[in-house]
Amino acid sequence: MAEHVRVAVIGSGFGGLGAAVRLRREGITDFVVLERADSVGGTWRDNSYPGCACDVPSHLYSFSFAPNPDWPRTFSGQEHIRAYLEHVTDTFGLRPHLRLGAEVRRMTWDAQELRWDIETSAGRYSADVVVSATGPLSDPKVPDVPGLDSFPGKVFHSARWDHDHDLTGQRVAMIGTGASAIQIVPAIQPKAGRLTLFQRTPPWVMPRVDRAISGAERALHRALPLTTQLRRGLLWGIRELQVQAFTKHPNQLGLVEKLARQNMARSIKDPVLRAKLTPDYRIGCKRILLSSTYYPALTQPNVDVVASGLSEVRGSTLIAADGTETEADVIVFGTGFHVTDMPIAERVVGADGRTLAESWKGGMEALRGASASGFPNWMTIIGPNTGLGNSSMILMIESQLTYMADYLRQLDVLGGRAALDARPSAVHAWNRRVQDRMKRTVWNTGGCTSWYLDASGRNTTIWPGTTGEFRRATRRVDLAEYEVLRAPAANSEGEKAKKDDKDEVTA
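Below is a short write-up of the structure. (Residues numbered from 1 in each chain as written. Predicted model: local features only at pLDDT ≥ 70, side-chain atom pairs only at ≥ 80, totals over all residues. Heavy atoms only, no water.)

The secondary structure content of the protein chain amounts to 15 helices and 20 strands. Radius of gyration (C-alpha) of the protein chain: 24 Å, near the 23 Å computed for a compact globule of 507 residues. Taking the principal axes of the C-alpha coordinates as reference, the protein chain spans close to 85 × 55 × 45 Å. The burial tally for the protein chain puts 54% of its 507 residues in the buried class. (Helix = DSSP H or I, 4+ residues; strand = E, 2+ residues; numbered from the N terminus. Rg over C-alpha atoms; globule rule 2.2 N^0.38 Å. Buried < 20%, exposed > 50% of the residue type's maximum accessible area, 1.4 Å probe, protein only.)

With the rule as written, the count across this model stands at 30 salt bridges. A salt bridge links Glu103 to Arg347, with the shortest nitrogen-to-oxygen separation between them at 3.1 Å. Highlighted residues: Glu103 in the loop between β3 (98-100) and β4 (104-110) and Arg347 in the loop between β16 (330-333) and β17 (348-349), separated in sequence by 244 residues. Glu103 sits in the partly exposed class, given a relative accessible area of 29%. A residue is classified by how much of its surface remains accessible, and Arg347, at 25% relative accessible area, is partly exposed. A salt bridge links Arg115 to Asp117, with the shortest nitrogen-to-oxygen separation between them at 3.2 Å. Salt bridges sharing partners connect three or more residues here, namely Arg22, Glu26, Asp406 and Arg409. (Salt bridge = Lys/Arg side-chain N within 4 Å of Asp/Glu carboxyl O.)

With that settled, consider the nonpolar core. Counting 106 residues, the largest nonpolar core has Phe14 and Leu298 as the members making the most contacts within it. With eleven residues, the top contributor of residues to this core is helix α11 (residues 393-414). Discounting chain neighbours no more than four positions away, the residues touching Phe14 are Trp44, Tyr61, Ser62, Phe63, Ile81, Tyr84, Leu85, Ile394 and Ile397. Counting residues in each nonpolar core, the second largest holds 28 residues, with Val104, Leu356, Trp378 and Ala419 among its members. (Core = buried A, V, L, I, M, F, W, Y, C linked by side-chain atoms within 4.5 Å. Contact = heavy atoms within 4.5 Å.)

The next subject is the sheet that holds strand β12 (residues 303-306). Taken together, the five strands give an open sheet; going across it, the order is β7-β16-β8-β9-β12, and neighbouring strands pair in parallel fashion. In this open sheet, the two edge strands, each paired with only one partner strand, are β7 (154-157) and β12. Each adjacent strand pair in this sheet contributes to an overall mean axis angle of 15°, direction not counted. In the sheet, strand β8 (residues 171-175) pairs with strand β9 (residues 194-198) via five bridges, with the strands oriented parallel. Looking across to β9, one finds that Ala173 is bridged to Thr196. (Pairing = 2+ DSSP bridges. Axes fitted to C-alpha atoms, helices over the stretch in contact; angles between N-to-C directions.)

With antiparallel pairing, the three strands of this open sheet are ordered in space as β13-β14-β15. Edge positions in the sheet fall to β13 (310-314) and β15 (325-327), since each of these pairs with one other strand and no more. Strand-to-strand twist in this sheet, taken as the mean axis angle between neighbours without regard to direction, amounts to 25°. Bridging between β13 and strand β14 (residues 317-320) involves four bridges; their strand directions are antiparallel. Bridged to Arg314 within β14 is Thr317.

All right, on to the packing of helix α1 (residues 14-25) against α11 then. Angle between the axes and distance between the axes are the two parameters that describe a pair of packed helices. The contact between α1 and α11 brings their axes to 10 Å, and the two run at 40°. Of the possible angle classes, the one that applies to α1 and α11 is oblique. Here the hand of the crossing between α1 and α11 comes out right-handed. Contacts between α1 and α11 involve Phe14, Gly15, Gly18, Ala19, Arg22 and Leu23 from the former and Ile394, Ile397, Leu401, Thr402, Met404, Ala405, Leu408 and Arg409 from the latter. Across the contact of α1 with α11, the residue classes break down as nine nonpolar, three polar and two charged. (Parallel < 35°, antiparallel > 145°, perpendicular 65-115°, else oblique. Left-handed = near helix turned anticlockwise from the far one by under 90°. Nonpolar A, V, L, I, M, F, W, Y, C, P; charged D, E, K, R; others polar.)

By the element assignment, Asn459 lies in the loop between α13 (442-445) and α14 (467-473). When its relative accessible area of 0% is taken as the criterion, Asn459 is described as buried. In this structure the side chain of Asn459 is engaged in a polar contact, spanning 3.2 Å, whose partner is the backbone nitrogen of Thr461. Once you skip the residues sitting within four places of it in the chain, Asn459 turns out to touch Asn385, Gln435, Met438, Trp443, Asn444, Tyr452 and Leu453. (Polar contact = N/O pair within 3.5 Å; in protein donor to acceptor, adjacent residues only side chain to side chain.)

Okay, a positive patch on the surface next. Taken together, the side chains of Arg471, Arg472, Arg475 and Arg476 define a basic patch exposed on the protein surface. Its location among the elements puts Arg476 in the loop between α14 and β20 (482-486). (Patch = residues over 30% accessible without salt bridge, like charges linked within 9 Å, V, L, I, M, F, W, Y side chains within 5 Å. Areas by Shrake-Rupley, 256 points an atom, 1.4 Å probe, with all protein chains shown as cover. Lys, Arg positive; Asp, Glu negative; His and termini not counted. Charge placed at Lys NZ, Arg CZ, Asp CG, Glu CD.)

On to the pairing of strand β6 (residues 123-132), then. Within β6, seven of the ten residues are buried, which leaves the element mostly enclosed by the surrounding structure. Summarising the sheet, strand β1 (residues 3-10) and β6 pair through seven bridges and their orientation is parallel. By the bridge assignment, Val7 is partnered in β6 with Val129. Relative to β6, strand β5 (residues 115-120) runs antiparallel, the two being bridged by five bridges. Paired with Thr120 across the strands is Gly123, a residue of β6. The turn joining β5 and β6, which pair antiparallel and follow one another in sequence, is formed by two residues. Across three bridges, β6 lies against strand β18 (residues 378-380) in parallel orientation.

Structure follows, in structure tokens:
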């Protein structure tokens with residue numbers, strides 16, 4: 001027998017826990033949070049590699065409704081962010097709603113009952129509304145490299161770090177130069193016997209202005225919570241002012257690019273190495289990375305930089321696309337995640353029997369980043385075109401939670417058995433406006449190929465505006481953008497008959 005709830009939340013990272021808190025604040029307690037792992041934390045549980053930390057300041061990378069006056073550093077590490085999420089779980093009484101070890105295998109819309117039937121590894125559920133908060137950084141992407149199966153050593157992805165394997169004295173190959181890799185390289189370089197970095201595309205790197213937050217500062221934040229709000233507001237405001245350079249005037253990023261070149265020049269004196277590390281695209285086209293230790297690590301005598309991607313593996317020999325051969329004992333993939341082809345989409349079956357992946361075959365799109373046409377009463381947190389290139393995703397998540405809360409209020413106002421299905425015309429109109437704005441952004445004009453782009457080269461990941469604009473766009477649900485679905489009459493009459501029978505028995 002399936003357990004029925006009003007709302008099923010999928011995932012327990014920032015999006016899922018935020019949704020759970022918002023549901024409770026709205027007076028809704030009939031919900032579950034389905035989590036495939038054995039603890040909460042999402043990407044901050046899964047990514048525990050050496051050096052793992054956030055590149056957004058801590059006071060901005062946290063919920064506005066759950067400020068933390070005790071962040072230890074301006075940019076906190078993975079262990080502190082994960083502890084914060086555990087704290088949020090306990091503070092807001094979310095543990096009774098958690099269903100850990102419950103991986104969603106399939107979600108199917110029942111048009112007769114106006115509900116979602118959910119199959120998980122821990123049993124069956126049904127829900128009036130599904131809030132999918134699996135996140136784009138949840139399923140690691142490992143490239144299909146010829147001969148990888150023949151490699152005799154250890155192979156793992158940065159998001160599935162093998163802490164039992166000692167890298168001391170080993171020949172380590174780091175594949176990729178994204179946000180994870182530039183943290184991993186400085187952390188493992190001192191112990192590796194040889195570290196080879198396979199770099200397909202060099203990133204732009206700016207200094208990471210990180211420091212410990214003093215005890216006096218933390219005491220002030222505890223005594224005067226307003227100071228925490230002011231600090232958060234200042235961090236937010238600075239980033240809002242930066243947005244136009246990314247979205248409307250990419251040429252204004254020239255000064256930032258100059259600073260990044262100076263940052264490189266301070267650490268990289270070898271002109272050959274500097275040439276390898278210098279990007280050939282406009283800064284900001286890919287995410288600008290923050291590190292004060294990455295470049296110094298690359299100059300160490302036990303580090304080699306191969307300015308080419310990994311193309312083949314022959315036993316313990318790794319062959320780059322430029323023909324360079326490297327011997328390795330360990331391969332670490334820092335090659336990102338399934339962002340524009342999220343595996344959860346294969347498991348969601350909508351009103352017409354198609355999966356969400358099939359519906360999104362031509363590219364992801366969702367009304368206000370939340371609702372996909374043909375998938376009634378299904379919402380996603382961090383959906384298409386809600387990502388950011390320069391600020392905190394928590395701001396976007398909270399805006400989507402506001403939209404979710406109004407969505408549920410609208411269902412209450414409609415009364416009875418009802419569902420909302422985003423009209424195709426509304427979805428397309430929203431997506432057209434987003435893509436039109438995207439044309440002039442640095443992410444589309446900067447001359448790079450990034451993980452923001454899908455297989456057809458369309459940017460279905462980033463929001464081309466300020467977080468304030470997105471907040472205004474998701475403040476409330478416009479019912480004109482949705483079709484209101486009602487339970488079939490025969491089904492409703494059957495329910496009424498059951499109710500009448502129950503009343504007679506009670507009498």
